[in-house]
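# Coordinates in review
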Amino acid sequence: MAFKRAQDTGSVPQSPLALFADLPRMGTAVPNLWGHQTGVLSQYADTHTKTPDLAIELPTGTGKTVPGLLIADWRRRKLAEQIAYACPTVQLAHQAARVAQREGIPAVTLVGSHTSWPLSEVTRYDAAEAIAITTYSSVFNASPKLGSPGALLFDDAHAGEQFVAEAWSADISRFRDLQLYSAVVDVLRPALDGIFLQRLSEADPDPLARNDVRLVVPSRWGLVKALDDALSTAGGDLYWRYTMIRAGLPSCMVYVSWAGVLVRPFVPPTFENQPFTAANQRLYLSATLGQGGELERAFGRTPITRLALSPGAGTPRNGRRFFVFAGLAQDEDPELVARDVVGAAGKALVLAPTSEKAVTTARALNPAQWPVLDKQAVATGLEPFGGAKHALLALARYDGMDLPDAWCRLVVLDGKPDAAHLQERYLADQLRARMALEERIRTRVVQGAGRCTRGPADHAVVVILGDTLSRYLSETGVRTALSADLQAEIAFGRDNSRASVAAIIANVKSFLSQGDDWRDNAEPEIAGLRRKAIQTPLPGTEQLAKSAPHELEACRLAWDACWVDAAMHAEKAADALSGNDDVRHYRALWLYLAAIWFHAAADAGHPTARSTAEALVKRANEASRGTTWLRDVEPANNYDLQISADDSPAVNRIANRLTKGVKRTTHDKVLASMKDGLVAAEPGKFEPALSCLGELLGSEAFKPQGQGRCDSAWCWDERIWLAIEAKSGQDSAKPVPLRDVRQANTQLRQLAADRGLAAPPEQSASIIVAPRTTVDPEAVDGADHNVHLAQPTQFIALANDIAAVWESLLAQAPGQHTTDLHRLVRQTLAEHRVLPTQVLTRLTATPLNGLRLSTSQTSVVYGESPGVLDHSAVEATTT
């Protein structure tokens, strides 16, 4: 009888690098490691085997999986530890398992329900005979079944926030569970204004109402018990998610929208997870680690040590990308441009913020009835797509997929991935704290663009579709925060996308063939751009990094109801965010959270906490200027907060008009004329309607005298000014040109000169109102920070809201005393979100150049000089 021999009986290699040489690899295994991979493995073995939290950065396409698996297997052998290697999704876990098999690394795949895990596989993991390749959800759940791993490795850690926080999120969909959604909204009713509640009840609200998100802090409103009662009726997976946050519900945030409600702590309380916290080491493998504390917030851990590449390790390169900005093509619909590129490439990976949008886009770009595959088709592997001659794969995931070489040569990125969940949307849209999300958004875009370039010799086309993403990648601050390679590729792509469709397709074919035309003409130009590119961090990055440890500690203490200590750390987080206006709105949030938790301490009997909370709310209000979210989240009886001096000019002007008397027939004619004008394309009708709308909003509204002046100026004394450039008659298919932006840049300064002031009020903006959704990249670069784009529909919505305000006031104003009338006007304007501060917020949601370079940084200058791409730095061996 033949008996099996015990595994791993030989001597243990001294390092993961030595292990690579000893493994019984298959014929398809990588023959050698790249220089940067050997550098990472050497540094790990020399310095970091006992580092509790360690992050390793290897850019997209430069090989994270093999080094990660080597470290995992070396620790298993050396320390006889249970080792778990976690991936964001099941498909990625199967992908990693195939790499482990190819490289001769003993591994078992434990995904899905633990009841389906084969006992023979589980016991191999338990006995430290094989590493377990699993998913994030197997680690972060209500009852983890992975035992006590000695080390946890997280692949694609840059995508961690979404997958980790999901475990501590009760996401209630209007469409999947209308009964629970309605019950939760009913509980939150005291904290929501009447107009918002009315829109939540509508079966088909307008798009602006659909996108509106409000924040409710249950502890501030005394709603924790009622919310717990409602959520405890949840069923299925949602019930288990709720059990994860139930103990810390008083510290949770609730985000409310028409489509759903999200209940979650601000950062995931991973300290509650025993396998995660008890591990000797947590190792985060990431394409980008960032510098602003994003990784720490995602995993709830601090400090996380970064393992940087040594100077001699070689510069990792990840192939060549040719960017096509479909919206910049001359006189052609962007969708048709993208469809022609898909036809030239033969197949395409289509990525969008939601699965539904990705599938819709893929079908629209399908040139010849090719198969359109979704996430279900590739749930366990990408072979159905990679092996197809012609196909489109539609997904909402920007990371983790390997589609090398001929498997796919085209990625289509449709839309800006900036709202993975309601908390992100609230931070970006209501709080205007986009800088706090910038690392996350940028990483998703970079990851998506790199799905089909998986090595230094690989190449793929990247089509940018949608105005939001095109404009995002045109912003100077965004581009200069990217690597030199990406800066050069994007600059080259933008320049060569302003061409005819025939020229674009010819360039695409030249690139795909990698012939002499591309190598002799395009590559030298890209190389020249790369040499001139300077990578600079975004402003506020340093402050965000300093704030992160205090944020995590504040949230941990709040979860445990240690309210005073939590509030003090929240205030420390706010202090760390001081000194940079780019993160001022995020600072306002932390000042408010400190106030919330001091209020909770006062409710628990702390004698001085209430006055401290009230002082912090005032500080938060000052830091949040330019937004109106704080007015929405604080109870209405905080009248000091509800009264803003910036809003008083409108309140006074409207109250005075009501006191003098308003003739109803004249008023109705004015409203009708205004509404007719705002839907007209002719400047002679649209421009006077703008000034009429401004008057009804309580501003001094007029068209300034002189050539080249704005079409309507709205001035609420010297508090808030809006200079409006009307371009309602322009062709919606074309981008906003540079000349319009240059004109808008000067309008506020000219208004200030007219009024004898050195500068306009801080709370002022120039608004270009046009039916266009795209902006010429040069116009983005040339726009002042206070220039914004708005659609005519936004002004129509304002007109409808102010008409409802006047209808209510005309009915209620007669007989009111002066003080009561002013209170009524302010309250009615606020309910319909047409106070001056609210109008400013509504019309400045789309800045033309949303991110600015730090004044201490040098901007990038793109040159014209040709050069030769230096491939000598690329390692000769490949993985």
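Residues numbered from 1 in each chain as written. Predicted model: local features only at pLDDT ≥ 70, side-chain atom pairs only at ≥ 80, totals over all residues. Heavy atoms only, no water.

### Focus on the overall build of the protein chain
- Assigned secondary structure in the protein chain consists of 39 helices and 22 strands.
- In terms of overall dimensions, the protein chain is globule-like: its C-alpha atoms have a radius of gyration of 29 Å, near the 29 Å expected for 879 residues.
- Seen through its C-alpha atoms, the protein chain measures out along the principal axes to roughly 105 × 70 × 50 Å.
- Across the 879 residues that make up the protein chain, the buried fraction comes to 58%.
- Across the protein chain, every contact between residues at least 6 apart in sequence was considered, and the portion connecting residues at least 24 apart equals 76%.
- Carbon and sulfur atoms form 50% of the exposed surface of the protein chain, whose accessible area is close to 34300 Å².
- Positive and negative charge centroids in the protein chain, built from 90 and 99 side chains respectively, lie 1 Å apart. (Helix = DSSP H or I, 4+ residues; strand = E, 2+ residues; numbered from the N terminus. Rg over C-alpha atoms; globule rule 2.2 N^0.38 Å. Buried < 20%, exposed > 50% of the residue type's maximum accessible area, 1.4 Å probe, protein only. Contact = heavy atoms within 4.5 Å. Areas by Shrake-Rupley, 256 points an atom, 1.4 Å probe, with all protein chains shown as cover. Lys, Arg positive; Asp, Glu negative; His and termini not counted. Charge placed at Lys NZ, Arg CZ, Asp CG, Glu CD.)

### Focus: the nonpolar core
- Membership of the largest hydrophobic core comes to 89 residues, with the highest contact counts inside it found for L413, W590 and W597.
- It is helix α28 (residues 584–603) that contributes the most residues to this core, 15 residues altogether.
- The contact partners of W590, leaving out residues within four places of it in the chain, are F266, E551, A554, C555, A570, A573, A574, L577 and W597.
- Counting residues in each nonpolar core, the second largest holds 61 residues, with A132, Y136, V164 and L295 among its members. (Core = buried A, V, L, I, M, F, W, Y, C linked by side-chain atoms within 4.5 Å.)

### Side note on the packing of helix α37 (residues 792–812) against helix α39 (residues 836–843)
- For the pair α37 and α39, interaxial distance at closest approach is 11 Å and the crossing angle is 155°. Considering their axes alone, α37 and α39 lie roughly antiparallel with respect to each other. In this structure, α37 meets α39 at a crossing whose hand is right-handed. Residues Q794, F795, A797, L798 and D801 of α37 touch α39, and the partners they reach there are V839, R842 and L843.
- Its residues assigned to classes, the contact of α37 with α39 comprises 5 nonpolar, 1 polar and 2 charged. (Axes fitted to C-alpha atoms, helices over the stretch in contact; angles between N-to-C directions. Parallel < 35°, antiparallel > 145°, perpendicular 65-115°, else oblique. Left-handed = near helix turned anticlockwise from the far one by under 90°. Nonpolar A, V, L, I, M, F, W, Y, C, P; charged D, E, K, R; others polar.)

### Observations regarding the sheet that holds strand β8 (residues 253–257)
- With antiparallel pairing, 4 strands are arranged side by side in an open sheet as β6-β9-β8-β7. One side of each edge strand has no neighbouring strand; the edge strands of this open sheet are β6 (170–173) and β7 (213–216). Across this sheet, the average inter-strand angle for adjacent strands is 15°, counted without regard to direction.
- Helix α8 (residues 178–188) rests against β6, β7, β8 and β9 (260–264) of the sheet, and its axis sits at about 110° to β6. (Pairing = 2+ DSSP bridges.)

### Looking at the packing of aromatic side chains
- Summed over all chains, the structure comprises 25 aromatic pairs.
- Ring geometry for Y239 against W240: centres 5.4 Å apart, planes inclined by 75°, an arrangement best described as edge-to-face.
- Residue class for Y239 comes out partly exposed when judged on its relative accessible area of 31%.
- For the ring pair F511 and W518, a centre distance of 4.8 Å and an interplane angle of 70° mean the geometry is edge-to-face. Neither residue differs from the other here; F511 and W518 are each classed as buried.
- Over the ring of W258 we find R210; its NZ or CZ atom is 4.3 Å from the centre of that ring.
- For K347, the ring lying beneath its charged end belongs to F385, and the centroid distance is 4.7 Å. (Phe/Tyr/Trp six-rings, centres within 6.5 Å; stacked < 30°, edge-to-face > 60°. Lys NZ or Arg CZ within 6 Å of the ring centre and 35° of its normal.)

### Quick notes on the side chain of R440
- Considering the arrangement of structural elements, one finds R440 in helix α20 (residues 438–449).
- Residue classification places R440 among the buried positions, given a relative accessible area of 11%.
- Excluding its chain neighbours within four sequence positions, the residues that come into contact with R440 are E161, E294, H421 and E424.

### Observations concerning the pattern of salt bridges
- The full count for this structure, using the stated rule, is 59 salt bridges.
- With its nearest N and O atoms 3.2 Å apart, the salt bridge here joins E161 to R264. Residue E161 is located in helix α7 (residues 160–165), and its partner R264 is located in strand β9; the two are separated by 103 residues in the primary sequence. In terms of burial, E161 and R264 fall into one category: buried.
- A salt bridge links R498 to D495, with the nearest nitrogen and oxygen atoms 3.1 Å apart.
- What makes R498 partly exposed here is its relative accessible area of 25%.
- Linked by salt bridges that have partners in common, E161, R264, E294, E424, R440 and R444 make up one network. (Salt bridge = Lys/Arg side-chain N within 4 Å of Asp/Glu carboxyl O.)

### Examining a negative patch on the surface
- A contiguous patch of negative charge on the surface is contributed by D331, E332, D333, E335, D340 and D731.
- Here E332 shows up in the loop between β12 (320–325) and α16 (334–345).
- Overall, E332 belongs to the partly exposed group, its relative accessible area being 32%. (Patch = residues over 30% accessible without salt bridge, like charges linked within 9 Å, V, L, I, M, F, W, Y side chains within 5 Å.)

### Concerning helix α25 (residues 516–532)
- With 17 residues, α25 should reach 24 Å at 1.5 Å per residue; the first-to-last C-alpha distance of 24 Å fits that figure.
- Taking the largest bend as the criterion, α25 deviates by roughly 35°, centred on A522, and proline P524 comes between one and four positions later.
- Of all the residues in α25, the buried ones are W518, A522, E523, P524, E525, I526, A527, G528 and L529.
- Contacts from the buried residues of α25 go to β12, α23 (484–497) and α24 (501–513). (Expected span 1.5 Å × (residues − 1). Bend = angle between axes of the 7 residues up to and from the residue.)

### Observations concerning α39
- Within α39, 7 of the 8 residues are buried, which leaves the element mostly enclosed by the surrounding structure.
- All of the buried residues in α39 are P836, T837, Q838, V839, L840, T841 and L843.

### What to know about the confidence of the model for the protein chain
- With 92% of its residues at a pLDDT of at least 70, the protein chain reaches an overall mean of 88.
- A low-confidence stretch, residues 851–879 stays under pLDDT 50, and its non-local contacts, those more than four residues away or across chains, total 72 contacts. (pLDDT = per-residue confidence, 0-100.)

### A word on the packing of α23 against α25
- The contact between α23 and α25 brings their axes to 8 Å, and the two run at 125°. The angle between α23 and α25 falls in the class oblique. Of the two possible hands of crossing, α23 and α25 adopt the one that is right-handed. Here α23 contributes A484, D485, A488, E489, A491 and F492 to the contact with α25, which in turn contributes W518, A522, E525, I526, L529 and R530.
- Tallied by class, the residues present in the contact of α23 with α25 amount to 8 nonpolar, no polar and 4 charged.

### Some remarks on the sheet that holds strand β16 (residues 410–414)
- In spatial order, the strands read β12-β17-β16-β13-β15-β14; together these 6 strands make up an open sheet with parallel pairing. Either end of the sheet is taken by a strand with one partner, and the two such strands are β12 and β14 (372–373).
- By the bridge criterion, 3 bridges tie strand β13 (residues 348–351) to β16 in an arrangement that is parallel. Residue L349 lies in a different strand from β16, and its bridge partner there is V411.
- Against the sheet, α20 touches β12, β13, β16 and β17 (459–465), its axis set at about 155° to β16.
- In this fold α24 packs onto β12 and β17, with an angle of close to 170° to the strand it touches most, β12.

### Here's the deal with the side chain of T628
- Mapped onto the secondary structure, T628 falls in the loop between α29 (609–623) and α30 (629–633).
- Take T628: its relative accessible area is 4%, and that puts it in the buried class.
- Beyond its immediate sequence surroundings of up to four residues, T628 is in contact with R833, T837, Q838 and T841.

### A look at the state of the cysteines
- For the structure shown, the criterion picks out 0 disulfides.
- With no disulfide of its own, C252 lies closest to C555 among cysteine sulfurs, the gap being 9.9 Å. (Disulfide = S-S within 2.5 Å.)

### Let's talk about the environment of L693
- For L693, the location among the structural elements is in helix α34 (residues 683–696).
- With 370 residues separating them in the primary sequence, L693 and F323 have C-alpha atoms 43 Å apart.
- Not counting the four nearest positions on each side in its chain, L693 is found in contact with M674, L678, W714, F795, L798, A799 and I802.

### Some points on unusual backbone geometry
- At the junction of T302 and P303, the peptide bond is cis and its omega measures out at -5° in the coordinates.
- By secondary structure assignment, the location of P303 is in the loop between α15 (294–299) and β11 (305–307).
- The phi dihedral of R432 falls on the positive side, at around 55°, and the residue is not glycine.
- Here R432 shows up in the loop between α19 (422–430) and α20.
- Here A561, not a glycine, exhibits a phi torsion of approximately 60°, which is positive.
- With respect to the helices, strands and loops of the structure, A561 is situated in the loop between α26 (541–559) and α27 (563–576).

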